[in-house]
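Single-letter residue listing:
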Amino acid sequence: MSDAAFTELKRAFSSLLAACRTSQNCAETLADRAFDLFEANIDAQTAHLPALACAKGCPSCCALRVTATAPEIFLLARYVRQIDQRMPAKALGSLSRRIKLANRATHGLSDTARMKLRQPCPFLVRGGCIVHPARPLACRGHASFDRRACAQAMAGREVDVPVSAPHLALRALVQDSLRAALDAAGLASGLYELNQGLVLALDDPERERAWRDGQDSLAPARIEASTAAQTDAVLWSRAAAGDASIRGEV
């Protein structure tokens, strides 16, 4: 990770936060900026790599635990509410209910137990991600070169999955700089289990305001830093390429 890029991105997030702190859309603004930074940089960082194997219809990694920051969770909660309002219940069922059922099935499980359970992500619909435009940085940062190896890993076999190191590095750079800016502003900057965090945010919309006021309103879903990366260590055990330089600006 480039120290200069980290410092620049932290400064950019801090400026954005100072401007939107009192806005009801502050979490959404921060998450959108984080996603824009990732998408604007990833092509240049991976231009030298072979084509990815990731595509619609390959849900291997979608049974993994996903962690996300509070802004990402609150943005996605809004997105889920919009889908529930827009989609006929008979076509999909309540997406909020699907999230609750998935959380009920996986809550408290270790990463290994969760992988064995193979509980699908509640956002998987007909082989595709229904919230793809609002997917968290954790999902954007997972990119494999071998679909078969991913399937074997999820089936419990000991296999190294060749992944894109620039995807992992850029996800870490953007997410860590966002978290540093949140921490400097006195806001909860932890990582949260996505499904449980969404259940909390969807059940009580006031949690977003409480977070802006400095409370750790998603605390029940918080994952300690020492365990947040365990899933990556289990499945994505070997990067296929070395570190790439990361530019900090769009």
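Residues numbered from 1 in each chain as written. Predicted model: local features only at pLDDT ≥ 70, side-chain atom pairs only at ≥ 80, totals over all residues. Heavy atoms only, no water.

Undergrad: What is the right way to read the overall build of the chain from this model?
TA: Secondary structure assignment for the chain yields 13 helices and seven strands. Buried positions account for 47% of the 250 residues belonging to the chain. Contacts in the chain between residues at least 24 apart in sequence constitute 81% of all its contacts with a sequence separation of at least 6. Total accessible area computed for the chain in this model is approximately 12,000 Å², and 49% of it derives from carbon and sulfur atoms. (Helix = DSSP H or I, 4+ residues; strand = E, 2+ residues; numbered from the N terminus. Buried < 20%, exposed > 50% of the residue type's maximum accessible area, 1.4 Å probe, protein only. Contact = heavy atoms within 4.5 Å. Areas by Shrake-Rupley, 256 points an atom, 1.4 Å probe, with all protein chains shown as cover.)

Undergrad: When you look at the packing of aromatic side chains in this model, what are you seeing that I'm missing?
TA: The relative placement of two aromatic rings is captured by the distance of their centres and the angle of their planes. Per the counting criterion, the structure on display carries one aromatic pair. The ring of F35 has R140 sitting right over it, with the charged end atom 4.0 Å from the ring centre. (Phe/Tyr/Trp six-rings, centres within 6.5 Å; stacked < 30°, edge-to-face > 60°. Lys NZ or Arg CZ within 6 Å of the ring centre and 35° of its normal.)

Undergrad: I tried to follow the sheet that holds strand β6 (residues 222-223) on my own but got confused; where do I start?
TA: Strands sit in the order β1-β5-β6 across an open sheet of three strands; the sheet is antiparallel. Every other strand in the sheet has two partners, leaving β1 (67-68) and β6 as the edge strands with one partner each. Bridge count for β1 against strand β5 (residues 191-193) is two bridges, and the pairing is antiparallel. Paired with T67 across the bridge in β5 is E193. On top of the sheet, helix α10 (residues 194-203) reaches β1 and β5; it is set at about 90° to β5, its chief contact. (Pairing = 2+ DSSP bridges. Axes fitted to C-alpha atoms, helices over the stretch in contact; angles between N-to-C directions.)

Undergrad: What am I meant to see in the packing of helix α5 (residues 95-106) against α10 here?
TA: Two measures define how a pair of helices packs: the angle their axes make with one another and the distance between the axes. It is at 9 Å that the axes of α5 and α10 come closest, and there the two elements cross at 135°. When the axis of α5 is compared with that of α10, the two are oblique. α10 is crossed by α5, and the crossing has left-handed handedness. Counting all contacts with α5, which are made through S96, I99, K100, A102, N103 and T106, the residues of α10 involved are N195, Q196, L198, V199, L202 and D203. Each residue belonging to the contact of α5 with α10 can be placed in one class, and the counts come to five nonpolar, five polar and two charged. (Parallel < 35°, antiparallel > 145°, perpendicular 65-115°, else oblique. Left-handed = near helix turned anticlockwise from the far one by under 90°. Nonpolar A, V, L, I, M, F, W, Y, C, P; charged D, E, K, R; others polar.)

Undergrad: Explain the pattern of salt bridges to me, please; I cannot follow it from the model alone.
TA: Side chains that carry opposite charge are capable of pairing whenever their charged atoms lie near each other. Overall, the coordinates contain 10 salt bridges when judged by the stated rule. Measuring nitrogen to oxygen at the nearest pair gives 2.2 Å for the salt bridge that ties D216 to R222. With relative accessibility at 39%, the residue R222 sits in the partly exposed group. (Salt bridge = Lys/Arg side-chain N within 4 Å of Asp/Glu carboxyl O.)

Undergrad: Even after reading the chapter, I still don't get the state of the cysteines, so can you show me in this structure?
TA: By definition, a disulfide links the sulfur atoms of two cysteine residues through a covalent bond. A full pass over the atoms with the stated rule returns one disulfide. Lacking any disulfide linkage, C139 is separated from the closest cysteine sulfur, that of C129, by 6.7 Å. Judged by relative accessible area, C139 falls into the partly exposed class, the value being 32%. (Disulfide = S-S within 2.5 Å.)

Undergrad: It is not clear to me how the side chain of S217 should be interpreted in this structure. Could you clarify?
TA: Note that S217 resides in the loop between α11 (206-212) and β6. Accessibility expressed as a relative area gives 8% for S217, which makes it buried. The residues touching S217, leaving out its near neighbours within four places in the chain, are F74, R207, A210 and W211.

Undergrad: So what exactly am I meant to see when it comes to the side chain of E72 here?
TA: Its location among the elements puts E72 in helix α3 (residues 70-86). At 6.4 Å, R140 is the nearest oppositely charged side chain to E72, a buried residue that forms no salt bridge. Of the polar contacts made by the side chain of E72, one reaches the backbone nitrogen of L137; its length is 2.7 Å. With near-sequence residues (within four places) excluded, E72 lies in contact with A31, F35, P136, L137 and Q175. (Lys, Arg positive; Asp, Glu negative; His and termini not counted. Polar contact = N/O pair within 3.5 Å; in protein donor to acceptor, adjacent residues only side chain to side chain.)

Undergrad: How do you make sense of the environment of M154 when you look at a structure like this?
TA: Note on placement: M154 falls in helix α8 (residues 147-154). For M154, a relative accessible area of 3% translates into the label buried.

Undergrad: Please explain α3 as it appears in this structure.
TA: Note: α-helices contain 3.6 residues per turn, so residues at a spacing of three or four share the same orientation. With 17 residues, α3 should reach 24 Å at 1.5 Å per residue; the first-to-last C-alpha distance of 24 Å fits that figure. Residues A70, P71, E72, I73, F74, L75, L76, A77, V80 and I83 constitute the buried set of α3. (Expected span 1.5 Å × (residues − 1).)

Undergrad: Help me out: how do you make sense of the packing of helix α1 (residues 3-20) against helix α9 (residues 165-184) in this one?
TA: Packing of α1 against α9 brings their axes to within 8 Å, and their N-to-C directions diverge by 50°. Of the possible angle classes, the one that applies to α1 and α9 is oblique. Once α1 is placed against α9, the crossing between them reads as right-handed. Contact residues: A5, F6, L9, K10, F13, S14 and L17 in α1; L173, V174, D176, S177, L178, A180, A181, L182 and A184 in α9. Looking at the contact of α1 with α9, its residues break down into 12 nonpolar, two polar and two charged.

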